[in-house]
Every structure is written in structure tokens, then in C-alpha cells.
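Here are the chains, one letter per residue:
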Amino acid sequence: MNDDVRDIVLGVLATGVSASLGWIARTWLWRRKLRRKQAFFGLPGNSECLLVVNREAGGDGAVHRHDVFALLELSALVKDYSAHAQIMSHDVAQQGFGERTEFCVGGPVSNRRMAAHLHSLLPGVRINTDPEPGPDRGAFQIGTERHRAEKGVAEHVLLARLTVGQGSRPVFLFCGQQAITNQAASRYLARNHEKLARKYGNNTFCLLLKVVNSHAYGPDVVELVADVTRAAQSPVPAPRTSHRATG
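Since this is a predicted model, take the numbers as computed values, not measurements.

1. Digging into the overall build of the protein
Scanning the protein for helices and strands turns up six helices and ten strands. Here the protein, with 247 residues, has 40% of them falling under the buried criterion. For the protein, contacts bridging at least 24 residues in sequence account for 65% of all contacts bridging at least 6. By element, 52% of the accessible surface of the protein is carried by carbon and sulfur atoms, the whole surface being about 14300 Å².

Quick look at the structure:
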């Protein structure tokens, strides 16, 4: 073998080794990134999760079309991680939480399970469920802050990732003032889950989002108002009552 042939063979071998090492490195990084995402969602391969749906206000078991779109957004996420989703109505999902990941969509009026989650996991959140028209209808009270809805102009939604113990699967809440805000929150999660995973890891968080001008932009323009985790998890103190001494 002359020097030219030897140099060619060595060059081919070096190229092959470099390509193999590059492929191994990319595969390792891809798998590590995938495991991080799976941990954030609580969706290891071939696992099961629960999609809890509400009913349209005033409807007969119907689901609002924007909530259907939210379910489609979430179903696509679940499929990306080779997990399996079971869709269940809010009024038949009579089971605990933590055994499998849950995505719960809708406000406390249309979703009984959402109401239970807010009461148990986010006691600092109060939502005005008065059916009568008024400026505070549907308003969020989080700690001392009140957030009203301006239909089609500025509406709010809570996006939360909640856990109840070490090793338990998370519950994701999409609780909005209008159905379109639930879809907006699911889309926000789909677009920003990597950034959220980097910031919060596998810990609990509760974010208040604002959907801007949904009449014109639909669910696409979403602003982060605040991280309200601490206020949402802090129980609201009971009102003080005074007792006047008599005698």
C-alpha cells in the first residue's frame, strides 16, 4: 500500500469515526431532551394520561368548540411523547390525582372537577360564578388582586402545573374566563413548554395569562401577566367577625 492509498483509507476511517461520534452525541442529547420533556409532562413512553373536558354553558352535554380545539392541542402533545390519552367528562372523572397525568380544561361552572382542583390545590383563587351580568362576572380574585374580563378585549386564564407529592404525576389546569382562553392557554403551553421546563423543572407553578383582543386575533396573542403561584396556593383568610360585649 503506497502512501496515497494509506492517506485515503485513514481519511475515510477518520470521517466515519467522526460521523459516528457526532451521531452518538446528537442521539444522546436528543434523548436527554426528550426525557426532560417527558418528566415535565409526567408522560414516559407508553404511559396513560387523562383529558378532562367540561360542558358548554347552557348546553346538553356539548363541549364548546374552543375547548375541543384545546383538546386537540393537548392530544398532539401527548402523541409526541408516545403516551395514550383517555378523554373523560368532568362529571364522571371520579378518581384521585397523582397516579397519571391529567389535563383539566374549563372553568369551575362548567367543570366540576376543575372546581374541586381549585378548592384543594389553589385555595387562594376565587372566581366569581354569579350568572347575573355585571362587571365582576367571571372575575378572578387571586390573593388581594382582582382581574376582570372584558369580553373579546382582555380576558384571563390560569395555566397551572400542580403536583401533590414526590413522584406523583402532575395535574395541568386550563381555567379561563371564556372558552377561547382555555384554547389560548393550551397553545401557550404547547409553544412554551421547553422554556417553562427550564424555569420550573418538575415543580408546581401557576401562571396568570391575558388573551388580548380575541375578537380580532383569536387565541394567538397571549401575554404573561404574573406568576401567581404563591398567592394561588395561600388560603384566603376567613373574614373577621367582631363580638361586641353586652351587659
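2. Remarks on helix α2 (residues 65-80)
Here α2 spans 23 Å end to end across 16 residues, near enough to the 22 Å set by a 1.5 Å rise per residue. H66, D67, A70, L71, E73, L74, L77 and V78 are the residues of α2 that are buried. Angular distribution of buried residues about the axis of α2 spans 160 degrees; they occupy a single face of the element. Those residues of α2 that are exposed and angled more than 90 degrees off the buried face are R65, L72, K79 and D80. Trailing α2 by a residue or two, S82 shows a phi angle of about 55 degrees, which is positive.

3. Looking at the nonpolar core
F40, F41, L43, L74, F103, F174 and L189 are the most contacted members of the largest nonpolar core, which totals 30 residues. Considering each element in turn, this core owes the most residues, seven residues, to helix α4 (residues 179-200). Formed by 21 residues, the second largest nonpolar core is a distinct cluster that contains C104, M114, L118 and V125.

Basis of the calculations
Residues numbered from 1 in each chain as written. Predicted model: local features only at pLDDT ≥ 70, side-chain atom pairs only at ≥ 80, totals over all residues. Heavy atoms only, no water. Helix = DSSP H or I, 4+ residues; strand = E, 2+ residues; numbered from the N terminus. Buried < 20%, exposed > 50% of the residue type's maximum accessible area, 1.4 Å probe, protein only. Contact = heavy atoms within 4.5 Å. Areas by Shrake-Rupley, 256 points an atom, 1.4 Å probe, with all protein chains shown as cover. Expected span 1.5 Å × (residues − 1). Arc of directions from axis to C-beta. Core = buried A, V, L, I, M, F, W, Y, C linked by side-chain atoms within 4.5 Å.

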